[in-house]
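Chain residues, written in single-letter form:
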Amino acid sequence: MTILRTTLLSLLAALPVAAGLIACSPLTAINALSSGSASQVTQGLAYGPLPRQKLDVYAPKNPAGPLPVVVFFYGGNWISGERADYAFVGHALASRGYLAVIADYRLYPDVHYPQILQDAARAVAWAAMESSRHGGDPSRLFVMGHSAGAYNAAMVALDASLLARHGMRPHDLRGWIGLAGPYDFLPIENPTARPVFFYPDTPASSQPIAHVTAEAPPALLIAPAPGKDKLVNPQRNTGGLAAALRAQQRPVTETYFDTVSHTTLVASLAGPLRMLAPTLDDISAFIDANSGSATVNAPSAATIPVPDNTTP
């Protein structure tokens, strides 16, 4: 969080309109500067019985039919994060005509791997069952994340056992989007992440790259250029996972930006910081290309999964 704060505050300081917001947290400042005028927000919806099993939904105010649905998970080393801090992501996706679902999930030390991922899968299952009530088309469902959240998204998309608890398969996703994600990080070097994964007894099955099969949905992997990310090695993680997917002949788009860092990559989705990289444009192009029609708002039939009734 210190790196995030330092990096984002240095960027915000360069924006004259942000001068009065520098005392706030950087994410609060970004949200304050991000226009939500085109979005309709529904907050605090429960996807499970526990306090952290809540999500917010961001929809365009004037949707033209059922919309592609994007479930987003934020980063924070699996120890921190709040969905409200990422309102700018919801507004950005809604501005492009998508229904955005920003989900909280349980964090360490309250839970470890794999309970964190069980929450992520449960949130995706909620989107499949309930997003139509908010204008979404659950047959055009995507999962997306940044950093630790990209890991969550990758595991939901690749480890079939997670969605199976909800009567779903990875094939039910139209695609998944990872921003600067850790996908192959054994042995764990980050001391903060070690206890989350029971280091040094971390199971190999905790790694997204171990779950790549011919059933993997299409992927968009975006990362800072090699040398620009000091937290997650883009060559090993993004490059390695992309190569593994291609080896299984799965569609994958691999993109690197040399104008962003680990933290500013997700910040580039915010209106005031989109000059950093065309991240939102690339995400929109991927969603549109994998939504099954030239017009992303075209309605289609949804497949509703069987809900998971097991203990969270």
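Right above here is the structure, for reference.
Scope of this entry: the structure provided in the associated data block. If you're wondering where the values come from, they're calculated on a predicted model, not measured in any experiment.

Some points on the pattern of salt bridges
Under the criterion given, the structure shown has 10 salt bridges. Residues D281 and R96 are paired through a salt bridge, measuring 2.9 Å at the closest nitrogen-oxygen approach. Of this pair, D281 sits in helix α9 (residues 279-289) while R96 sits in the loop between α3 (87-95) and β4 (99-103); the two residues are 185 residues apart in sequence, bridging distant segments of the chain. Residue classification places R96 among the partly exposed residues on the basis of a relative accessible area of 31%. What emerges from the salt-bridge pattern is a single network uniting D56, R83 and D104.

Some points on the packing of aromatic side chains
Aromatic rings considered in pairs are described by the distance between their centres and by the relative angle of their planes. On inspection of all chains with the given rule, the structure shows 14 aromatic pairs. Aromatic pair W176 and Y183: ring centres 5.8 Å apart, planes at 80°, arrangement edge-to-face. Look at Y183 and you get buried, because its relative accessible area is 0%. One aromatic cluster is present, formed by F72, F73, Y74, Y86, F88 and Y105 through successive ring pairs. The cationic tip of R194 hangs over the ring face of Y199; the distance from NZ or CZ to the ring centre is 4.2 Å.

Re the pairing of strand β3 (residues 67-73)
As a general feature of sheets, a regular strand has side chains that alternate between the two faces. Of all 7 residues making up β3, 7 are buried, and the element is well covered by its neighbours. In this sheet, strand β5 (residues 136-146) lies alongside β3 in parallel orientation, the contact comprising 6 bridges. Note on β5: the bridge partner recorded for V71 is V143. Bridge count for β3 against β4 is 4 bridges, and the pairing is parallel. Residue V69 lies in a different strand from β4, and its bridge partner there is L99. Once the chain exits β3 it traverses α3 before rejoining the sheet at β4, and the crossover so formed is right-handed.

With respect to the sheet that holds β5
On the basis of which strands lie adjacent, the open sheet formed by 8 strands has the order β1-β2-β4-β3-β5-β6-β7-β8 and mixed pairing. Edge positions in the sheet fall to β1 (39-46) and β8 (252-257), since each has one partner strand and no second. For this sheet the average axis-to-axis angle between neighbouring strands, irrespective of direction, equals 20°. Packing of helix α7 (residues 235-247) onto the sheet brings it into contact with β6 (175-179), β7 (219-224) and β8, and relative to β8 it is tilted by some 160°.

Comments concerning the pairing of β6
Burial of β6 is extensive: 5 of the 5 residues sit out of reach of the surface. Burial along β6 is two-sided: the residues G175, I177 and L179 and W176 and G178 are all buried. Here 5 bridges tie β5 to β6, and the two strands are oriented parallel to one another. Its bridge partner lying in β6, V143 is registered against W176. Looking at chain direction, β6 and β7 are connected through 4 bridges and run parallel. Paired with G178 across the strands is L221, a residue of β7.

Quick notes on the rules
Residues numbered from 1 in each chain as written. Predicted model: local features only at pLDDT ≥ 70, side-chain atom pairs only at ≥ 80, totals over all residues. Heavy atoms only, no water. Salt bridge = Lys/Arg side-chain N within 4 Å of Asp/Glu carboxyl O. Helix = DSSP H or I, 4+ residues; strand = E, 2+ residues; numbered from the N terminus. Buried < 20%, exposed > 50% of the residue type's maximum accessible area, 1.4 Å probe, protein only. Phe/Tyr/Trp six-rings, centres within 6.5 Å; stacked < 30°, edge-to-face > 60°. Lys NZ or Arg CZ within 6 Å of the ring centre and 35° of its normal. Pairing = 2+ DSSP bridges. Right-handed = clockwise from strand over helix to strand, strands pointing away. Axes fitted to C-alpha atoms, helices over the stretch in contact; angles between N-to-C directions. Contact = heavy atoms within 4.5 Å.

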